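Each chain is listed here by its residues.
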Amino acid sequence: MEKFLVELSGDGRSSNPAGSSGASEDDELLDAYSQAVIAAVEKVSPSVVNIESRFAHREARAGREARGSGSGFIFTPDGLIMTNSHVIHGASRIEVTLADGRRAQADLIGDDPETDLAVIRIAAPNLVPAALGESRKVRVGQLAIAIGNPYGFQYTVTAGVVSALGRSLRSRSGRLMDDIIQTDAALNPGNSGGPLVNSRGEVIGVNTAMILPAQGICFATAIDTAKFVASRLIRDGRVRRSYIGIAGQNVTLPRRLVRHYNLSTESGVLIVSFEKDSPAQRAGLVEGDCIIGFDGQVVSGIDDLHKLLTDERVGRRVPVTVLRRGERLTFDIVPAES
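All values reported here derive from a predicted model rather than from experimental measurement.

(A) Quick peek at the overall build of the protein. On a plain count of helices and strands, the protein comes out with 8 helices and 21 strands. Counting across all 338 residues of the protein, residues that qualify as buried make up 43%. Once local pairs closer than 6 in sequence are excluded, the contacts in the protein between residues at least 24 apart make up 60%.

Now the structure itself:
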């Protein structure tokens, strides 16, 4: 017992190595974290740009030219830049400032308010494109780094973790955006359109929004969605979607009808009104019909219907199932291009 006490107390040297080792491990962990962030930022920051938009159509109302700003990132060597739709939508002039201080005027390739994404292009030599990752490989808890230009503070970096995957977020057009990444990496309005990257410096999302009253709740459009939208904008200048020309509202179905028809949904879309000569009206639908199915898929609300109105269904005859005065009916409808 005496020998044991001596070994523990002694001159104190026997316990110090363990303490030193613990401190060293903490330093190494912190250093590894710092190194990961630094390496990712050094890889991506040459691709991050500042975007200034001018809106000539607001001059008469404001008495001067209105301006807006945001961020973006180069994703091809020939000058294609990804950003948010709300940063450049309706702009009469778009100017881009590169990481090395060069300025260039940008041309709009296309923007999609439904997903809040846009693609612009600049003509400049020696551009550094960012590497695009795969959002399907993203995991909750992994390091997430947001880079942008908030309020003119160029190339501001914030780091955090991926808080959640597969979130949904309402766009300014009212359509629901799916496959949204939630992160606690702090965002500001000037971060809009900037990249959210992983520890390897690969872009995993496009920063799009934050909840202002909250802290640590920020959102980015997943890069897999951004790749698809960008490909359509580059090819067509827009993302084609179908529409049937109705105004509807979500309603709860009577329990007796749900049981009688053995429905897999307890809600649907009540048709309130039509656009003139709309595809739905031509198909024979009337006000008061409640849509519960579209092209073989269950429709429990407006968001379900939006998801099904894709470009593949433009001009293609598809069945729509409705409840009309307690009777279940099916009509053939040909969605038009939105």
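(B) Representation of the side chain of threonine 83 within the structure. One can find threonine 83 in strand E3 (residues 80–83). Among the polar contacts made by the side chain of threonine 83, one reaches the main-chain carbonyl oxygen of serine 71 at a distance of 2.7 Å. Non-local contacts of threonine 83, meaning those with residues more than four positions away in its chain, are made with Ile51, Ser71, Gly72, Ile88, Asp116, Leu117, Ala118, Ser192 and Gly193.

(C) The pattern of salt bridges, seen in detail. Applying the stated criterion to the full structure yields 21 salt bridges. Between arginine 121 and aspartate 78 there is a salt bridge; the shortest N-O distance is 3.2 Å. Here aspartate 78 lies in the loop between strand E2 (66–74) and E3 and arginine 121 lies in strand E6 (residues 117–121), a separation of 43 residues in the sequence. Residues glutamate 337 and arginine 238 are paired through a salt bridge, measuring 2.6 Å at the closest nitrogen-oxygen approach. In this pair, glutamate 337 sits in strand E21 (residues 336–337) while arginine 238 sits in the loop between helix H5 (223–236) and strand E14 (242–243), placing the two residues 99 residues apart along the sequence. Taken together, the salt bridges that share partners define one network made up of Glu52, Arg54, Arg93, Glu95 and Arg103.

(D) Region of the structure containing unusual backbone geometry. One non-glycine residue, aspartate 116, lies in positive phi territory at about 55°. Within the element layout of this structure, aspartate 116 appears in the loop between strand E5 (103–112) and E6. A relative accessible area of 9% means that aspartate 116 is categorised as buried.

Thresholds applied
- Residues numbered from 1 in each chain as written.
- Predicted model: local features only at pLDDT ≥ 70, side-chain atom pairs only at ≥ 80, totals over all residues.
- Heavy atoms only, no water.
- Helix = DSSP H or I, 4+ residues; strand = E, 2+ residues; numbered from the N terminus.
- Buried < 20%, exposed > 50% of the residue type's maximum accessible area, 1.4 Å probe, protein only.
- Contact = heavy atoms within 4.5 Å.
- Polar contact = N/O pair within 3.5 Å; in protein donor to acceptor, adjacent residues only side chain to side chain.
- Salt bridge = Lys/Arg side-chain N within 4 Å of Asp/Glu carboxyl O.

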